[in-house]
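# Residue-level structure breakdown
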Protein chains: 2
Amino acid sequence: MTAVEVDTLIGKPIRKLDAPDKVAGRTRYVQDIDVPGQIYGKILRAGRVHARIVGIDTSRAEALPGVRAVITGADVPGHRLGVSQDHPALKRDKVRTPRDEIAAVAADTPEIAAAAVNLISVELEDLPPLFDPREARNPGAPVIQEAKPDNVGLEFDYDHGDAAAAEAASDVIVDDVFKLHYVTHACMGVSGVIADYNHATRKLTLHSNTQVPFLHKREFAKILDLDPAAIRIIQPPIGGGFGSKLDIYPFEPIAVFLSMKARRPVKLVFDREEEFVASPTRQPAYVRLRTGATKEGKLTFRTADALLDNGAYTSWGATIPFVMMQTISSLYRVPHCRFHSAAVYTNNPTAGSFRGYGNLQATFAVEQHMDKLADALDMDPLEFRLANAQDPGEVTGQGMQFKSCGFKDCLVLAAERSAYSERRGENVDARNRPGPVKRGIGMASMLHVGGGAKIYPSDGCGTILKIDDFGHVTIMTGASEIGQGSETVIAQLVCEELGLPLSAVTVVNNDTEVTPWDVGVHASRTTFIGGNAAIGAARLAKEKILTAASTTANLLPENMDLLGGCIVRKSDGEVVMPLDKLLRALHFQDKAELVTTSYYYEPPSVHQDKAFKGDVSAAYAWATQVVEVEVDTDTGIVTLLRVSAAHDVGRVLNQLGLEGQIEGGIVMGQGYALTEDLLVSEGWMLNPSFRDYKLVTAPEIPDIDLQFIESMDGEGPHGAKGVGEAPAICMAAAVANAIHNATGVRMYDAPFTPEKVYRALRGENRQPTMRARV
Amino acid sequence: MTAVEVDTLIGKPIRKLDAPDKVAGRTRYVQDIDVPGQIYGKILRAGRVHARIVGIDTSRAEALPGVRAVITGADVPGHRLGVSQDHPALKRDKVRTPRDEIAAVAADTPEIAAAAVNLISVELEDLPPLFDPREARNPGAPVIQEAKPDNVGLEFDYDHGDAAAAEAASDVIVDDVFKLHYVTHACMGVSGVIADYNHATRKLTLHSNTQVPFLHKREFAKILDLDPAAIRIIQPPIGGGFGSKLDIYPFEPIAVFLSMKARRPVKLVFDREEEFVASPTRQPAYVRLRTGATKEGKLTFRTADALLDNGAYTSWGATIPFVMMQTISSLYRVPHCRFHSAAVYTNNPTAGSFRGYGNLQATFAVEQHMDKLADALDMDPLEFRLANAQDPGEVTGQGMQFKSCGFKDCLVLAAERSAYSERRGENVDARNRPGPVKRGIGMASMLHVGGGAKIYPSDGCGTILKIDDFGHVTIMTGASEIGQGSETVIAQLVCEELGLPLSAVTVVNNDTEVTPWDVGVHASRTTFIGGNAAIGAARLAKEKILTAASTTANLLPENMDLLGGCIVRKSDGEVVMPLDKLLRALHFQDKAELVTTSYYYEPPSVHQDKAFKGDVSAAYAWATQVVEVEVDTDTGIVTLLRVSAAHDVGRVLNQLGLEGQIEGGIVMGQGYALTEDLLVSEGWMLNPSFRDYKLVTAPEIPDIDLQFIESMDGEGPHGAKGVGEAPAICMAAAVANAIHNATGVRMYDAPFTPEKVYRALRGENRQPTMRARV
């Protein structure tokens, strides 16, 4: 017997398990999947901003050979989609945006379906439109949703302390309005679904890219008048989600209705332009923020009012104030706070949820204010932030309990790595030197949930684990892979527990029929929740294995461990027996047994009360990002040179996955700050293509210095916290602060396109205005 | 609250869950499955009976555009397939049958692959052939397998009591040689595989029609030099198995080798002729049987020698003596018994395993002897059988324990339903009446394992069960569906346990990565073993549910039940609460839980000892079938009119499934007796097509009267036993007995084609001969 020496997998750089197939082009996205008997769906859209539907004539489409079904709103149940149930899949009475779905066709080929859609004639009667969300609540404004005559979708009010009184105790107060623009997820994999309704069994199978398959079983059932138990959702590999797939959008029920009518499976896949037009956007917002501080540099209060442009329908995105208010109330110690938000209806594109979920918008305002206050107090912004940053153990006014907290470490480390304070001074000094190119450095920090978010009745995840006779493990987890690497980290956590190499594991995570429940991919929760669930199942397996080995080995289970594919003696690592041998001995005995376990992990977080207070996440994550930019004052072009990011990740699990996740988020934040701008004019998107909508591409990616703070969260898997959304959140604020450092000009209106910067440098940057309610 | 009244599902006629898709053409067999990047494999066969391979030139094939890989025996590991490891996937030195695999091609299209195969030139040098198995052991006979110079593959010897001494105590002895012919499974779905080897991960995914996926993981690993843990077997819906898919045949490893070389997934599907030529057959046999009885009508001894024609390679089929000896030793009380068998090598087609697994051959001999002995004793054959049939509780000379036994009930009921004894006498009386058409009635009975067969170290099956928030159940079972209806009966058993309708269940049973271990589909074991495993998992779920409901309901778990989708009070059926509500309450509480269970069922049977003794199955099944035929003495045509079948099935679970299974088996037995005859001449199949190989078709199916004896086995699921193989077993013997009843002529040589019957009626039926070793 020899001793096994195997290093831990935790913290190692581990290649994504799905990477080889993706790189080799073997991955089958929904586009690549064909089911037998499949036909093709296509949607007819309104092409008008706001109009009454007077009549629809589908007869010519129906007569086209190869057409199997044509449907309009009159043919389908009238249940409405979305969090406010205000969105009919097919519109009956009126349309509210050019992308509105009026009719749909299923046909033998995509070409016939497209031709048939063109044969449908629709008579529409224009209604007065509403484009500016600030006018939505004006008396006499056009009404978008008849059930909401004031055009207000969702409204939130929050407060703690006494903000009004705190104003009086403030030595400095800053008050600004910030404006955030439209961006879209631009997933590389465009949306698509295959709907297969079986009339005989009344079962529905969906190949769907959803991020929340288990919630959608219930949701689809409501919309479609089906039994939720009879809905099976299979997720093909998903070419990007980023929050865009939290809602059910009309194309999915439409595909089902077509399948029901045609009695065939219907595949409906967007082209790129349709993906731009009919996908959600990040919620555009006006944010009025008012913040005070004492001359000693302590925050006194913060009040905020956010006006969100829903577009014509309410998606989950309209609930981003849940997150915005966390940043307003609890990023730094804020003794007094008030927050109001309204998501209003307009005829603009439909906004949805998007990685960061309101935090980019809130942080954009808050972190510019931190700089402005520091300037007003003549303090170093780093020092000002440190003076207000929380320590582990604090409980915020909103009731968030910061059991682990690496905030100050993030601030200090990001500042050190970037020489923030020195450079900042140098840049101010250099502003007046000759030459058009100025250099700036800017800092921003963020707070986000890092241990799930208890919104739904359960925030948990289930895992079933089985080990075969040769030591191969199958992990059936509710946690979906949407490209973020959850499959890999879950495999890693199980292998760590069972002392196995990653090649010994298969993760099954894409079929509601096989995998146990999970609330879905959102709130940066998958590593934390899905990881803990997987560890739980693995520990039960380990217990069973060591108990079985105990008799043979004449050792107590607690004196043994699993390492290197073997059962070993804990004291010295001596091999007791190979794992596969034990598994077979257990299986091939009189009282035969397999090692199959299951575990459900529910985090110890709580639901917020009606006042939005409570410890809604099992852990919280922080980050500080310092960016350096060059501003060409002749052209307004801002070049991002370098990002120094320090993230409190709890613990590094997969070094490579973490780097990929954070680098990707930084680049997404870079796009939000500088280049991505979905132009909307009178309800129409002007640039629905990758030619005109400017994503950041490889050459523009800055140098990125990543630092991970390991705050070792007590509840997280091996101490880890969620980080999925964090990296995108600070960028716009940090870049705005850097532009200010470079030029002395403050940007209130994202993104910082050359034109806007050029105008701002020439004094044409009027601050956005809004009538604030707070 | 109202009381729930729900009838049991047990014994009801339940439509197969997979039937609607099959009927509607929605089922995707391996033929219909395409994986991305797939190319197509084709095999070059020997086309010679016995020959040395002098040279192979593949250069022209390799040069053909579109060819991705060409392989010969020189390119692949030399491990051999099969139970005796005597079968190389690709032959290197010599070929032993015309179907022998010499080379294979993978190409972009099936057409290119076929063209490339034709471009391979092979130089062969003929060797002396061996066709008659009776000559295989002759000195100087051609040697087929060099490692076995005596041409004997597998040999079995069994005995109990003292058969030689018992001869002396016998008043009557009969001694005959019977001959059984070649038939093949003729599965409607021809063989095919998709092999996908990933060099990066060293993992192999097979879409394979195997009946024993878990055993094959290990088997493929040996053949292919792979880690068994890295082999995933996905079974597409299987278009018929019947035992033909217990072995790995060369085309499967060949597809893997092609995939390894071409670095692409390779699909290799047979056409119908190839299916005939390269599939296994039922083992053809010579059976010499010698049986004695006292004048009081008690059996005294039985000795048997079986000579099986392996063909050139040894498949599992060569182990059919395991089953043959059970019938020889234990169908009826046989106080003294001796059995010998040899499976010998020839240049004939390769025989394999086939539904009934030797029992058709053994029963053919034994049940004709029962009639012959009765005649010799001048007893009614029914009375003679009843006098020797076992009762519940008996243990046979071979150690089989008949805990439940409905044998006599089968005999009596089948005889009653057919008016056997009366008709038999009438037919004899009518023999000499004018007219060419004579009528006959014949009886045969059988004994078969009905509770698995402990051959492999475990004979068990695993089940994982999960219930979603809406009461939908997923059963992940190791038990494969090969068309026999196991999916449906397993669903039914779980629904019965959980008080749910069948629509509430999905069975997942086709992916080794997801499903727990099972030994495979053979030995009529799936309902018994897989059913008990499913019940075990369901009972654990029920226990969890009732325990959870207990607090809410203020009732002890044992005072509640699950019925009609509800938790009910046992005493009066009053609804306590709907099941889905309880499931959600359990899930959406602070200590959230899902209902997920797993269970492994291992039957209480034992391995046979070295003398082949022991209670190898947890239960045994009996059947008696009485057939009525018309024999046209002018033409020799035998028409099967009616079958009265009485089966001890333990308990009827799915009435419809049982009827289908037994009717199908009877028709298969009918083909074996009368029409199916795979003609082999000098090693070549003469009729490899459905035009020339005569399957029974609908118009020829007789009236079938089915009677089920419910012997309520103590270990079986709700008392049920396995019945998959039983119905095919008696038919040939019963028909032979009926022909004798009609004409006074005994048939020793199956099948009873018009020519053979015509000749027999004219005294030209010489009994087959063999040199018996017993």
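So, a few notes on the structure that sits alongside this text. Per chain, the residues get numbers from 1 upward, laid out in the order the sequence is written. Written order decides the labels, with chains lettered from A and ligands numbered from 1. In view of the model being predicted, local features appear only for residues whose pLDDT reaches at least 70, and side-chain atom pairs are presented and counted only at 80 or more, with totals across whole chains, interfaces and linings using the full set of residues. For the side-chain quantities, the full set of heavy atoms in the structure was used; hydrogens and water were omitted.

## Things to note about the sheet that holds strand β27 (residues 595–601) of chain A
Each strand in a sheet pairs with its neighbour through backbone hydrogen bonds, running either in the same direction (parallel) or in the opposite one (antiparallel). Residue and element names in this part refer to chain A. What makes two strands pair is DSSP finding at least two bridges between them. For the purposes of this entry, the term helix denotes a DSSP run of H or I that reaches at least four residues, the term strand denotes a run of E that reaches at least two, and both are numbered from the N terminus. The four strands are arranged β23-β22-β21-β27 in an open sheet whose pairing can be described as mixed. If you trace the sheet from one side to the other, it starts and ends with β23 (505–508) and β27, each paired once. Direction aside, the axes of adjacent strands within the sheet are offset by 15 degrees on average. Here seven bridges tie strand β21 (residues 461–467) to β27, and the two strands are oriented antiparallel to one another. When the sheet's bridge partners are listed, Lys466 is paired in β27 with Thr596. Only the stretch in contact is used when fitting a helix axis, every axis being a line fitted to C-alpha atoms; angles between N-to-C directions are given from 0 to 180 degrees.

## Quick look at the interface of chain A and chain B
When the parts of a complex come together, some accessible area is lost, and that lost area is often used as the size of the interface. The interface is formed by 47 residues belonging to chain A together with 47 residues belonging to chain B. For the chain A face of the interface with chain B, the top three residues by lost area are Arg26, Phe470 and Glu513 of chain A, together amounting to 15%. Salt bridges, as used here, are contacts in which a Lys or Arg side-chain nitrogen is within 4 Å of a carboxyl oxygen on Asp or Glu. For the interface between chain A and chain B, the tally reads four salt bridges. Any pair of N or O atoms that falls within 3.5 Å is considered a polar contact. Within protein, one atom must be able to donate a hydrogen and the other to accept it, and sequence-neighbouring residues count only if both atoms are side-chain atoms. The interface formed by chain A and chain B holds 25 residue pairs in polar contact (both at pLDDT 80 or more) in total. Looking at the side of chain A that touches chain B, the elements that each hand over two or more residues are β11 (192–198), α5 (213–224), β21, β22 (473–477), β23, α15 (579–587) and β27 of chain A. Here the residues of the side of chain A that touches chain B sort into 18 nonpolar, 12 polar and 17 charged. In this analysis, two residues are considered to be in contact whenever any of their non-hydrogen atoms come within 4.5 Å of each other. Buried area is a sum: the accessible area each of two parts loses on coming together, probed at 1.4 Å, counted once for each and added. Gly falls in the polar group here, along with every residue not listed as nonpolar (Ala, Val, Leu, Ile, Met, Phe, Trp, Tyr, Cys, Pro) or charged (Asp, Glu, Lys, Arg).

## With respect to the pattern of salt bridges
Within the structure shown, the criterion is met by 102 salt bridges over all chains. Notably, a salt bridge pairs Lys94 of chain A with Glu146 of chain A, separated by 2.9 Å at the nearest N-O pair. Here Glu146 of chain A lies in the loop between β8 (121–126) and β9 (152–160) and Lys94 of chain A lies in strand β6 (residues 94–95), a separation of 52 residues in the sequence. Remark: exposure states derive from per-residue accessible area (1.4 Å probe, protein chains only) relative to the maximum for the residue type, with buried under 20%, exposed over 50%, and partly exposed in between. Of the residues examined, Glu146 of chain A reaches a relative accessible area of 48% and is grouped as partly exposed. Across the pair Glu296 of chain B and Lys295 of chain B runs a salt bridge, and its minimum N-O distance is 3.8 Å. Judged by its relative accessible area of 55%, Glu296 of chain B is exposed. Taken together, the shared-partner salt bridges in this structure form one network comprising Lys42, Arg45, Lys91, Arg99, Glu101 and Glu274 of chain A.

## Notes on the pairing of strand β18 (residues 336–345) of chain B
All names here are of chain B. Among the 10 residues of β18, eight are classified as buried, and the element is accordingly described as predominantly covered. Bridge analysis of strand β9 (residues 152–160) against β18 gives eight bridges, and the strand direction is antiparallel. Residue pairing for β18: Asp159 is matched across the bridge by Arg338. Here strand β17 (residues 299–311) runs beside β18; their pairing, made up of 10 bridges, is parallel. What sits directly across from Phe301, in β18, is His336. Read as a crossover between parallel neighbours, the route from β17 over helix α8 (residues 321–330) to β18 is right-handed. Crossover handedness is defined here as right-handed if the route from the first strand over the helix to the second strand goes clockwise, with the strands pointing away from the viewer.

None of the figures reported here should be taken as evidence of function without further support.
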